[in-house]
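Residues per chain, in single letters:
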Amino acid sequence: MTSFQSTLADEGGVADELAANQREISIAEFFEKNKHMLGFDSGARGLVTAVKEAVDNALDATEEAGILPDIYVEVEEAGGYYRLIVEDNGPGITKEQIPKVFGKLLYGSRFHAREQSRGQQGIGISAAVLYSQLTSGKPAKITSRTQGNDEAQYFELIIDTDTNEPEIRREETTSWDRPHGTRIELEMEANMRARGQLHDYIKHTAVVNPHARVELHEPADSFKAERATDQLPAETEEIRPHPHGVELGTVIKMLGATDSHSLSGFLQEEFTRVGKKTAEKVLDAFRDEHFGREMAWRPPDEDEIEAAVRESTANKGPEATDAFATGIAAAVSARDRLAHHQLEAIGDEVATEIAEEHGTFGTTVRENAVGAAWEAITAEREADCYELVDGATSSRKNEATIEALAQRIAAKFGEDPRDRITRKGLREYVDRAAEMTQERDDVSVGETARENIASELWSVMLTVPDDLPAVREVADDRDAASELVEAMRTTDIIAPPTNCLAPITAELVEAGLRKEFDADFYAAATRDAEVHGGDPFIVEAGIAYGGEIPSEGSIEVMRFANRVPLVYQRGACATTDVVKSIGWRNYGLDQPGDSGLPNGPAVVMIHVASTNVPFTSESKDAIANVPAIEDEIELAIREAARQLKSHLNEQRSIAQRRKKQDVLATILPEMAEKVAEVTGREPPNIDAALARIMNNVQVSRVAENGSVRLSVENHSSRSEELDVTEIVSTEPTDLSEETTVVEMDGEWFVKWSPTIPGGETAILEYAVDEEASFDLDVSGVETAKLTIDQEQ
């Protein structure tokens, strides 16, 4: 049968014709036809994506310059198109850089830097320019003024998709009222059907960037978020990759590019958290992978070693031979276990020690002596293996089975003159012995027993001191490079430094939530740094609950990566998957079916900060399902959720307390009246009785003849820290040193902050004009646990 390829051979010009049609395409031309990959797949989403890219650039620029961001976003209709304007107060962009920043894809300063930033690839804002010119045919208009310059630079440009180079349509200097900053104006085919997502993006940006002032104006609405803090994010520093998680191909590339000649130097120079001691640990693990370990056996009696060495030593006098044999035998017998390389070292050491008195012992003599001694040491391999196998297996294994396993494993060790083997090879020894035992003796040796035996044997084997291959050799040997990567992954190494990251911090996560959500409760958590793929990352979570947050339907989940809101592809994001997987009933939220998003008046926010966030696509809308990151997301959410659970439990307890207190407040007055009628006395103080019954903190005031006495009685069993403030209409006197007084608008605020142990009372006193009026405020204890009894 004639193949298709053979028919092409008959037509000599076909291959040439096909080759002639092949050509390189530019990245701009690729994204021109695949703009959906960057988030520009529709007019509605394209507008939101363009806003996102411009605002992200503005935030990065201002923060890098140490400037608190002021960002203005405007969307307006423009004759069938929409005009997007984004301004910032950043440091501005130099005249030479403006065309490249906005008119060239994959042009940026952060791609190779291992530090946290919103953008890295240099695609975002130039992609927005490309989308604008594709849909409207109009150039981008950029104005930028750098600090200290009297005038601004103005450009109109498009991207030449054939060459991925900026094409400048207009260039001039101009005046601008901002002292410094950048403005971009784009016209594009768009619509406002994604108004909700646009507002969400701006609002969420304000939450996760509490140091920024962000203002949005669009045809139907406007929004302004003020700053919640003047604290800029911590400055980040570029770091080297961490050994944990670096991929094989990356390590091979690094090996080929390094200036280091030794593997120790390579590890210390090219990776973070690797000093001399850590490098030694990694290289010992590499030796185990590359060379294997040597089995260390228990030595026989000293006499046996001495006899073996004496017999193997030729052409030496009796005294020299005796000194050599006894020296080696004594050194060997002093060891509990001994590997071949240790025996060689002993032979060299003894030969050197006696050389001055008995002459030189050459290489051949030493080798013969070591060989004879090793033969004596390994004569009882089976007995040694029996001891190790017996210790690693359960008592259910009978002696015959243990003997069979030990015999077969010992025989395999004897195949190598140094009894050297890798961990993988050792496991193969054990598996072979187990399978033969099962086949011949009909005794099953399970997976757990096999692993235990291999681990027990490996634990007494020793790392060899062989010289390591040079860096270039490892770079050219894929297997050796793979062994080095495995050694790095299995060595305990300190987590990478976090100065390359700028987490929001739990305090500011809560501040951001407080700024944008009117809730009853807030909680936040920031996890310690972890590593994925050699890149450090930190996960933060926050929860706002109750208040004005809608209680109908599912909770709101806000997702962020490097302080950037993720408003699309919620269902494809690892963050959403983790939120759904948590059992929220345990934390006080309703979760129908015990899975999926819970219901209730709550907002959950998750922020992943990393030097390299693993997104699912170039549009950077969703975080990939990486187990290490998912684990940290879950732990961060649970940490904040535990605080919510405590709050809800306390609220339920307070509600029950109020209910009980309301019942007592209804019953006690009636009882007091009856008691007064029967006894003929004045009715008792109901507030005091209620405070004692409910274990409340009772604060009472008595004012008489210009003397004011506040009594704070703690009827509970625990210590309470209170802030007691008395607002007085005339100036107070006779105050204690612990009292603070502030005068404001003709009133005096007298404040105490006592700590009162359970069951005790604090007395607070001062003097005042008899005509004064008072108002008492107490904080630091729940209202339901407080009883205030004021007397003018």
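Scroll up to find the structure this text is about.
Note that the coordinates shown come from a computational prediction; the quantities given were computed from them, not determined experimentally.

1. Digging into helix α7 (residues 195-208)
1) Next: With 14 residues, α7 should cover 20 Å at 1.5 Å per step; its first-to-last C-alpha distance of 20 Å lies within 8% of that length.
2) Next: Buried residues of α7: L198, Y201, I202, H204, T205, A206, V207 and V208, and no others.

2. Observations regarding empty space enclosed by the protein
1) Next: According to the stated counting rule, one finds two cavities of 30 Å³ or more in the structure shown.
2) Next: As for the largest cavity, its lining consists of V48, T49, K52, V567, Y568, S619 and D621.
3) Next: Broken down by class, the residue content of the lining of the largest cavity amounts to three nonpolar, two polar and two charged.

3. Remarks on the nonpolar core
1) Next: Counting 51 residues, the largest nonpolar core has I305, F324, I328, I409 and F413 as its most contacted members.
2) Next: Mapped onto this core, the elements with two or more residues apiece are α11 (302-312), α12 (318-333), α13 (340-358), α14 (363-377), α15 (381-392), α16 (399-413), α17 (423-441) and α18 (447-460).
3) Next: At eight residues, the largest contribution of residues to this core is made by α14.
4) Next: Dropping the residues within four chain positions of it, I305 is found in contact with P300, I328, A329, V332, A373, A376 and I377.
5) Next: Formed by 45 residues, the second largest nonpolar core is a distinct cluster that contains F40, A194, Y201 and V214.

4. Quick look at the packing of helix α10 (residues 276-290) against helix α20 (residues 478-490)
1) Next: Look at α10 against α20: their axes get within 8 Å of each other, and the N-to-C directions meet at 135 degrees. It follows from the interaxial angle that α10 and α20 lie oblique. In terms of crossing hand, the pair formed by α10 and α20 is right-handed. Between α10 and α20, the contacting residues are V282, A285, F286, E289 and H290 on the first element and A480, E483, L484, E486, A487, M488 and T490 on the second.

5. Examining the pairing of strand β7 (residues 213-218)
1) Next: Where burial is concerned, the two faces of β7 differ: the one with V214, L216 and E218 is buried and the one with R213, E215 and H217 is not.
2) Next: Across five bridges, the pairing between strand β1 (residues 70-78) and β7 is parallel. From the neighbouring strand, E74 faces β7, where its bridge partner is H217.
3) Next: Here five bridges tie β7 to strand β8 (residues 221-225), and the two strands are oriented antiparallel to one another. Across the sheet, the residue bridging to H217 is S222, located in β8.

6. Examining the packing of helix α8 (residues 248-257) against α20
1) Next: For the pair α8 and α20, the least separation of the axes is 10 Å and the interaxial angle reads 110 degrees. For the element pair α8 / α20, the angle class is roughly perpendicular. In this structure, α8 crosses over α20, and the sense of that crossing is right-handed. Here α8 contributes L248, V251, I252 and L255 to the contact with α20, which in turn contributes R478, A481, S482, L484, V485 and M488.
2) Next: A breakdown of the residues in the contact of α8 with α20 according to their chemical character gives eight nonpolar, one polar and one charged.

7. Notes on the sheet that holds strand β9 (residues 293-294)
1) Next: Across the sheet, which stays open at both edges, the three strands sit in the order β10-β9-β11 with antiparallel pairing between neighbours. Edge positions in the sheet fall to β10 (420-421) and β11 (462-463), since each has one partner strand and no second.
2) Next: Pairing between β9 and β10: two bridges, direction antiparallel. Looking at the pairing, R293 lines up with I421 of β10.

8. A short note on the pattern of salt bridges
1) Next: Applying the stated rule across the entire model yields 51 salt bridges.
2) Next: The partner of R213 in a salt bridge is D70, and the shortest N-O contact between them spans 2.6 Å. In this pair, R213 sits in strand β7 while D70 sits in strand β1, placing the two residues 143 residues apart along the sequence.
3) Next: Judged by relative accessible area, D70 falls into the partly exposed class, the value being 22%.
4) Next: One salt bridge in this structure joins E516 and K515, with 3.9 Å as the shortest N-O distance.
5) Next: Take E516: its relative accessible area is 15%, and that puts it in the buried class.
6) Next: A network of salt bridges, in which partner residues are shared, links E76, R83, E87, K138, R178, R183, E185 and E187.

9. Digging into the pairing of strand β23 (residues 747-752)
1) Next: Side-chain alternation along β23 places W748, V750 and W752 on a buried face and E747, F749 and K751 on a face that remains uncovered.
2) Next: As paired strands, strand β21 (residues 723-728) and β23 are joined by five bridges and run antiparallel to one another. Counterpart to I727 in the pairing with β23 is F749.

10. Observations regarding the sheet that holds strand β26 (residues 774-779)
1) Next: Sheet architecture is open: four strands sit in the order β22-β23-β21-β26, paired in antiparallel fashion. For this open sheet the edge positions go to β22 (740-744) and β26, each flanked by a neighbour on one side alone. Sheet twist, expressed as the average angle between the axes of neighbouring strands with direction ignored, equals 20 degrees.

11. Describing the side chain of R337
1) Next: Looking at where R337 falls in the secondary structure, it is placed in the loop between α12 and α13.
2) Next: Owing to a relative accessible area of 13%, R337 belongs among the buried residues under this scheme.
3) Next: A distance of 2.9 Å separates the side chain of R337 from the backbone oxygen of A296, its partner in a polar contact.
4) Next: A polar contact is formed between the side chain of R337 and the side chain of D384, at a distance of 3.1 Å.
5) Next: When neighbours within four sequence positions are excluded, R337 is seen to be in contact with A296, W297, R298, P299, Q342, D384, E387, L388 and V460.

12. With respect to the packing of aromatic side chains
1) Next: Scanning the entire structure with this criterion turns up six aromatic pairs.
2) Next: Each residue in the set W297, F413 and Y429 is aromatic and connected to the rest through ring pairs, giving one cluster.
3) Next: Over the face of the ring belonging to F517 we find K203, whose NZ or CZ atom lies 4.5 Å from the ring centre.

13. Structural notes on a negative patch on the surface
1) Next: A grouping of D301, E302, D303, E304, E380, E382, D390, E399 and E403 is seen on the molecular surface, where their side chains present a negatively charged patch.
2) Next: Of all the secondary-structure elements, those providing two or more residues to the negative patch are α11, α15 and α16.
3) Next: Summarising the element assignment, E382 is placed in helix α15.
4) Next: Overall, E382 belongs to the partly exposed group, its relative accessible area being 45%.

14. A look at the environment of V464
1) Next: Topologically, V464 is positioned in the loop between β11 and α19 (471-475).
2) Next: Expressed as a C-alpha distance, the spacing of V464 and Q342, which sit 122 residues apart in the sequence, is 9.0 Å.
3) Next: Dropping the residues within four chain positions of it, V464 is found in contact with R287, F291, G292, R293, E294, H341 and R420.

About the cut-offs
- Residues numbered from 1 in each chain as written.
- Predicted model: local features only at pLDDT ≥ 70, side-chain atom pairs only at ≥ 80, totals over all residues.
- Heavy atoms only, no water.
- Helix = DSSP H or I, 4+ residues; strand = E, 2+ residues; numbered from the N terminus.
- Expected span 1.5 Å × (residues − 1).
- Buried < 20%, exposed > 50% of the residue type's maximum accessible area, 1.4 Å probe, protein only.
- 1 Å grid on protein atoms, 1.4 Å probe; cavity = no way out; pocket = protein on both sides within 12 Å on 5 of 7 lines; lining within 4 Å.
- Points joined across faces, edges and corners; volume = space filled by probe spheres on them.
- Nonpolar A, V, L, I, M, F, W, Y, C, P; charged D, E, K, R; others polar.
- Core = buried A, V, L, I, M, F, W, Y, C linked by side-chain atoms within 4.5 Å.
- Contact = heavy atoms within 4.5 Å.
- Axes fitted to C-alpha atoms, helices over the stretch in contact; angles between N-to-C directions.
- Parallel < 35°, antiparallel > 145°, perpendicular 65-115°, else oblique.
- Left-handed = near helix turned anticlockwise from the far one by under 90°.
- Pairing = 2+ DSSP bridges.
- Salt bridge = Lys/Arg side-chain N within 4 Å of Asp/Glu carboxyl O.
- Polar contact = N/O pair within 3.5 Å; in protein donor to acceptor, adjacent residues only side chain to side chain.
- Phe/Tyr/Trp six-rings, centres within 6.5 Å; stacked < 30°, edge-to-face > 60°.
- Lys NZ or Arg CZ within 6 Å of the ring centre and 35° of its normal.
- Patch = residues over 30% accessible without salt bridge, like charges linked within 9 Å, V, L, I, M, F, W, Y side chains within 5 Å.
- Areas by Shrake-Rupley, 256 points an atom, 1.4 Å probe, with all protein chains shown as cover.
- Lys, Arg positive; Asp, Glu negative; His and termini not counted.
- Charge placed at Lys NZ, Arg CZ, Asp CG, Glu CD.

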